[in-house]
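Descriptive structure summary
The residues making up each chain are set out below.
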Amino acid sequence: MLTKQEIDFLDNNGYLNLGQLLIPEQVIQINERLAELLQLEGDNAGLELGKSKYIRHPKEDGTDRLADLVNKGSVFDIFYTHPRVLSGIEAVLGQTYKLSSLNYRAAKPGKGQQRLHVDWKNAVASGSFKVCNSIWLLDDFTEHNGSTRIVPKTHKSSILPEEAMSDPNDEHPDEIRIMAPAGSVFIFNSHVWHGGTTNQTSHDRRSIHSYFCTRDQPQQIDQREFITREVLQRIGEKGKYILDV
């Protein structure tokens, strides 16, 4: 599902734009379901994140969070089954991978800044990669609304951002921004230096993160703990493998 040129770009740079995998009607439907869930869950939104010992920052000031989207509507099935996304994950992690978590993050106006970081035990990769993320844009990502920043090629670095920079919150001279229209999807090797930026607009900046790990790593959200019979009946054997249920 990926060309050799795409795989080479992902390998060399640590990220890849997969293009618009969601049509506008899907984006609207997904955003409507997310708004329903935020209303239903209220103060408990994202509660599943706090139950996990593998998520370092379950509560993040200035963001809306939702977790365990696998079990919150068939509209979210595409986020861990789309062939182009899975091809990108396999290009980074190999054939033996699984979904670690499927979460929603929206940067609120004036918020969303993150230091540059990596996602695997805050450590550099040693010989092979363990984690890979996909970010699904549910709004246009622009220079001003908190778009994600990435420092290309740093997934192959032997040092961490805090070792190379006096302040990882600062702008890095080599960083690029993920900027694309709603419905677009980016793969990024989670060992690459990355982080959110401040949303300088008056509207939320919405996205879903479909985050994968190798099968020898623990999931951020234990899919077996939360999986529902309804999901098991509709996702098929491939889906069960990806969820490791």
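Our subject is the structure listed above.
Now for a quick tour of the structure.

Criteria and thresholds
- Residues numbered from 1 in each chain as written.
- Predicted model: local features only at pLDDT ≥ 70, side-chain atom pairs only at ≥ 80, totals over all residues.
- Heavy atoms only, no water.
- Pairing = 2+ DSSP bridges.
- Helix = DSSP H or I, 4+ residues; strand = E, 2+ residues; numbered from the N terminus.
- Phe/Tyr/Trp six-rings, centres within 6.5 Å; stacked < 30°, edge-to-face > 60°.
- Buried < 20%, exposed > 50% of the residue type's maximum accessible area, 1.4 Å probe, protein only.
- Lys NZ or Arg CZ within 6 Å of the ring centre and 35° of its normal.
- Expected span 1.5 Å × (residues − 1).
- Bend = angle between axes of the 7 residues up to and from the residue.
- Contact = heavy atoms within 4.5 Å.
- Arc of directions from axis to C-beta.

Taken together, the three strands give an open sheet; going across it, the order is β6-β5-β8, and neighbouring strands pair in antiparallel fashion. Across the chains shown, the open sheet's two edge strands, defined by having one partner strand only, are β6 (176-177) and β8 (193-195).

Bringing the packing of aromatic side chains into the picture now. Applying the stated criterion across every chain yields a total of four aromatic pairs. Relative to phenylalanine 212, the ring of tyrosine 97 has its centre 6.0 Å away and its plane inclined at 70°; by these criteria the two rings are edge-to-face. Of this pair, tyrosine 97 sits in strand β3 (residues 97-107) while phenylalanine 212 sits in strand β9 (residues 205-214); the two residues are 115 residues apart in sequence, bridging distant segments of the chain. This pair shows no difference in class: tyrosine 97 is buried, exactly as phenylalanine 212 is. Through successive ring pairs, a cluster of aromatic residues spans Phe76, Phe79 and Trp136. Arginine 215 extends its terminal NZ or CZ atom over the ring of tyrosine 241, reaching a point 3.8 Å from the ring centre.

Helical geometry note: an α-helix holds 3.6 residues per turn, so side chains three or four residues apart project in the same direction. Taking 1.5 Å as the rise per residue, helix α7 (residues 229-243) with 15 residues should run 21 Å; its terminal C-alpha atoms sit only 13 Å apart, a clear shortfall. Within α7, the axis deviates most sharply at glycine 236, by approximately 120°. Among the residues making up α7, those that are buried are Val231, Ile235, Gly239, Ile242 and Leu243. Against the buried residues of α7 lie α4 (83-93), β3, β9 and α6 (223-226). Within two residues after α7, aspartate 244 carries a phi angle of roughly 60°, on the positive side.

With respect to the secondary-structure elements, threonine 154 resides in the loop between β5 (149-151) and α5 (161-164). Not counting residues within four places of it along the chain, the set of residues in contact with threonine 154 comprises His191, Val192 and Trp193.

Looking only at helix α1 (residues 4-13), the buried set comprises Glu6, Leu10 and Asn13. Along the long axis of α1, the arc covered by the buried residues comes to 95°, so they all point the same way. Set apart from the buried face of α1 by more than 90 degrees, the exposed residues are Lys4 and Gln5. Buried residues along α1 sit against β1 (15-20), α4 and β7 (184-189).

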